[in-house]
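Per-entry structural report
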Amino acid sequence: MKNEATGANDFDFLIGSWRVHHRRLKERLADNHEWIEFEGTCAMQKILGGAGNMDENVLDFPGDAYRAVSLRTYDATKKQWSIWWIDGRSPSHLDPPVVGGFKNGIGTFYANDTFKGKPIRIRFLWTNLTTEPHWEQAFSADGGKTWETNWIMEFVKSPTSVRTCCPVVELRQYTLVPGARETLIELFEREFIETQEATGITVIGQFRDLNNPDRFVWLRGFSDMDARATQLQAFYSGPVWKAHRDAANATMIDSDNVLLLRPASPTSGFQLEHSSRAPVGSTVKQDFFVATIYHLDKPKAVDFPTFFERELQPHLANAGISVLVSFVTETHPNTFPRLPVREDANVFVWFSRFPDREAYERTAAAVTEAMREGEVTTKLAEFTREPPEVLLLSPTARSML
């Protein structure tokens, strides 16, 4: 199966713990229309260094509660996933894997199997990835001409399990002396990551701006605005910054383009519990991120997150774009005036991830075409003061993202 939109991060939307509502047909391929409904839980994590993932499920099936595991592995050569379902009631039995991938925000996977001694075709579908994921299973007894959906799962994030790393985030864009970016990156990744995190700061990500060879973009996070003041004071008055600040500042023309942000919702911030940082000297990462910054008209800014989630985000999902995180302006006064922030800013910022720049450009073109002269485009123009600022970002070797 050739699917240019798929990639090893396809299932990142499912990382974490979920409450799951199940609907299963009482009988399959029997012209039965009676559904059994029950609850369950699901906890998913990455494995194999990111090339696979697994989730453990508890299914409170009436009178016969049980556990099961989904195991997924990604073949980068074929650009496809294989998925196995292991039923805890029969742990030695392994069904044939369903195989497939994602395109335009929908995951489709197929397998050939048997049911009651007769050959069937099985189909898994994943939809609604960015809000409350939806999974369904269907069987076909006629080689895929007709399908009977027999199992549906609706996923809702468990509130107690959603942990965003940082309620306060700085998005920092530095304009550098021409040709100095690699010098700053090498210094930053050698000296300024662990020493900041020793104070309690979270260094979230560092990036090369692919549209500007003299721009360095990075993110750091804090637990709250008071902690931000204390931690920044500790770092910038500490020995490491004092020893290397002249070398760092010599690479910079401007370091004041800083947006102070907070998650747009309690669950829309960065979740880094499954991320790890590469050691010093590692090679460049291959991921590709896009940050889209909407500069909002202040009287309408409070309504923009709802508009984005309900009206704009579905268009993105239809084109295969998943919203990784979203933020709004943090309006608390700057607690560390020594470092300026853009206090006049009123923004909505969202991040997405792609296999490469070409994949982004294809999907961005699809979104533009789908929204051309539509009602959503008109509303977006009413909310914003200017065209969006789009940052095409390549992570540095030691970025957590």
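Note that the coordinates shown come from a computational prediction; the quantities given were computed from them, not determined experimentally.

Another aspect to go through is the overall build of the protein. Each helix and strand counted, the protein has 7 helices and 18 strands in total. Since a compact globule built from 401 residues should have a radius of gyration of about 21 Å, the 24 Å found for the protein is in line with a globular shape. Viewed in the frame of its principal axes, the protein has a C-alpha envelope of about 75 × 50 × 40 Å. Expressed as a percentage of its 401 residues, the buried residues of the protein come to 48%. In the protein, 66% of the contacts between residues at least 6 apart in sequence involve partners at least 24 apart. Roughly 19000 Å² of accessible area belongs to the protein as shown, and the carbon and sulfur atoms make up 51% of that amount. Distance from the positive charge centre (44 side chains) to the negative charge centre (53 side chains) of the protein: 2 Å.

Moving on: the sheet that holds strand 8 (residues 118-127). Reading around the barrel, the 10 strands line up as 1-2-3-4-5-6-7-8-9-10 and close back on themselves, with antiparallel pairing between neighbours. This sheet shows a mean twist of 25° between the axes of neighbouring strands, independent of strand direction. Bridging between strand 8 and strand 9 (residues 134-140) involves 7 bridges; their strand directions are antiparallel. Within the sheet, the bridge partner assigned to Trp 126 lies in strand 9 and is Trp 135.

Scanning the model with the defined rule gives 1 disulfide in all. The disulfide that involves Cys 165 links it to Cys 166, with 2.4 Å between the sulfurs. The S-S bond linking Cys 165 to Cys 166 shows a torsion near -100°; that makes this disulfide left-handed.

Once that is clear, we can look at the sheet that holds strand 13 (residues 215-222). One closed barrel accounts for 8 strands, arranged 11-13-12-18-15-17-16-14; its pairing is antiparallel. Geometrically, the sheet is characterised by an average inter-axis angle of 35° between neighbouring strands, direction not taken into account. Where strand 16 (residues 325-329) lies against strand 17 (residues 347-354), 4 bridges are found, and the strand directions are antiparallel. Across the sheet, Phe 327 pairs through a bridge with Val 349, a residue of strand 17. Where helix 5 (residues 304-318) meets the sheet, it contacts strand 15 (288-295), strand 16 and strand 17, and its direction lies at approximately 25° from that of strand 17.

With that settled, consider the nonpolar core. Grouped together as the largest cluster of nonpolar side chains are 31 residues, with contacts concentrated most on Phe 11, Phe 109, Trp 126 and Phe 155. The leading source of residues in this core is strand 8, at 4 residues. Membership of the second largest hydrophobic core comes to 25 residues, among which are Phe 307, Phe 308, Leu 312 and Ile 321.

Phi is positive for Leu 29, close to 50°, though the residue is something other than glycine. One non-glycine residue, Asp 31, lies in the positive phi region at around 55°.

On to the pairing of strand 14 (residues 252-263), then. Across 7 bridges, the pairing between strand 11 (residues 168-176) and strand 14 is antiparallel. Of the residues in strand 14, the one forming a bridge with Thr 175 is Asp 254. Across 3 bridges, strand 14 lies against strand 16 in antiparallel orientation. Its bridge partner lying in strand 16, Leu 261 is registered against Thr 329.

With that settled, consider the packing of helix 1 (residues 181-192) against helix 4 (residues 239-249). At a minimum axis distance of 11 Å, the contact between helix 1 and helix 4 shows a crossing angle of 175°. It follows from the interaxial angle that helix 1 and helix 4 lie roughly antiparallel. Facing helix 1, whose interface residues are Leu 184, Leu 187, Arg 190, Glu 191 and Phe 192, helix 4 presents Val 240, Trp 241, His 244, Ala 247 and Ala 248. Split by residue class, the contact of helix 1 with helix 4 holds 7 nonpolar, 1 polar and 2 charged.

Moving on to the side chain of Asn 257. As for its placement among the helices and strands, Asn 257 is situated in strand 14. Sequence-distant contacts of Asn 257, that is, excluding residues within four places in its chain, are made with Leu 171, Arg 172, Gln 173 and Arg 342.

All right, on to the pattern of salt bridges then. For the structure on display, the rule yields 21 salt bridges. Across the pair Asp 64 and Arg 89 runs a salt bridge whose closest N-O atoms are separated by 2.8 Å. In this pair, Asp 64 sits in the loop between strand 3 (52-59) and strand 4 (66-75) while Arg 89 sits in the loop between strand 5 (80-87) and strand 6 (98-103), placing the two residues 25 residues apart along the sequence. On the accessibility criterion, Asp 64 (33% relative accessible area) is partly exposed. For Arg 89, a relative accessible area of 44% translates into the label partly exposed. A salt bridge links Glu 191 to Arg 190; the nearest nitrogen and oxygen atoms lie 2.9 Å apart. On the basis of relative accessibility, which here comes to 37%, the residue Arg 190 falls in the partly exposed class. In this structure, a network of salt bridges that share partners links the residues Glu 170, Arg 172, Arg 220 and Arg 228.

What follows is about helix 4. What helix 4 keeps buried is the set Trp 241, His 244 and Ala 248. Burial along helix 4 is one-sided: seen end-on, the buried residues are contained in an arc of 100°. Helix 4 presents Pro 239, Ala 243 and Asp 246 as exposed residues on the side facing more than 90 degrees away from its buried surface. On its buried side, helix 4 packs onto helix 1, helix 3 (225-236) and strand 14.

Turning next to the environment of Val 349. Structurally, Val 349 is set in strand 17. Residues Val 349 and Tyr 110, 239 residues apart in the sequence, show an inter-C-alpha distance of 37 Å. Contacts of Val 349, omitting those with residues within four sequence positions, involve Leu 171, Leu 259, Leu 261, Thr 292, Ile 293, Val 325, Ser 326 and Phe 327.

So, how was this worked out
Residues numbered from 1 in each chain as written. Predicted model: local features only at pLDDT ≥ 70, side-chain atom pairs only at ≥ 80, totals over all residues. Heavy atoms only, no water. Helix = DSSP H or I, 4+ residues; strand = E, 2+ residues; numbered from the N terminus. Rg over C-alpha atoms; globule rule 2.2 N^0.38 Å. Buried < 20%, exposed > 50% of the residue type's maximum accessible area, 1.4 Å probe, protein only. Contact = heavy atoms within 4.5 Å. Areas by Shrake-Rupley, 256 points an atom, 1.4 Å probe, with all protein chains shown as cover. Lys, Arg positive; Asp, Glu negative; His and termini not counted. Charge placed at Lys NZ, Arg CZ, Asp CG, Glu CD. Pairing = 2+ DSSP bridges. Axes fitted to C-alpha atoms, helices over the stretch in contact; angles between N-to-C directions. Disulfide = S-S within 2.5 Å. Core = buried A, V, L, I, M, F, W, Y, C linked by side-chain atoms within 4.5 Å. Parallel < 35°, antiparallel > 145°, perpendicular 65-115°, else oblique. Nonpolar A, V, L, I, M, F, W, Y, C, P; charged D, E, K, R; others polar. Salt bridge = Lys/Arg side-chain N within 4 Å of Asp/Glu carboxyl O. Arc of directions from axis to C-beta.

This is a description of form; function is not addressed.
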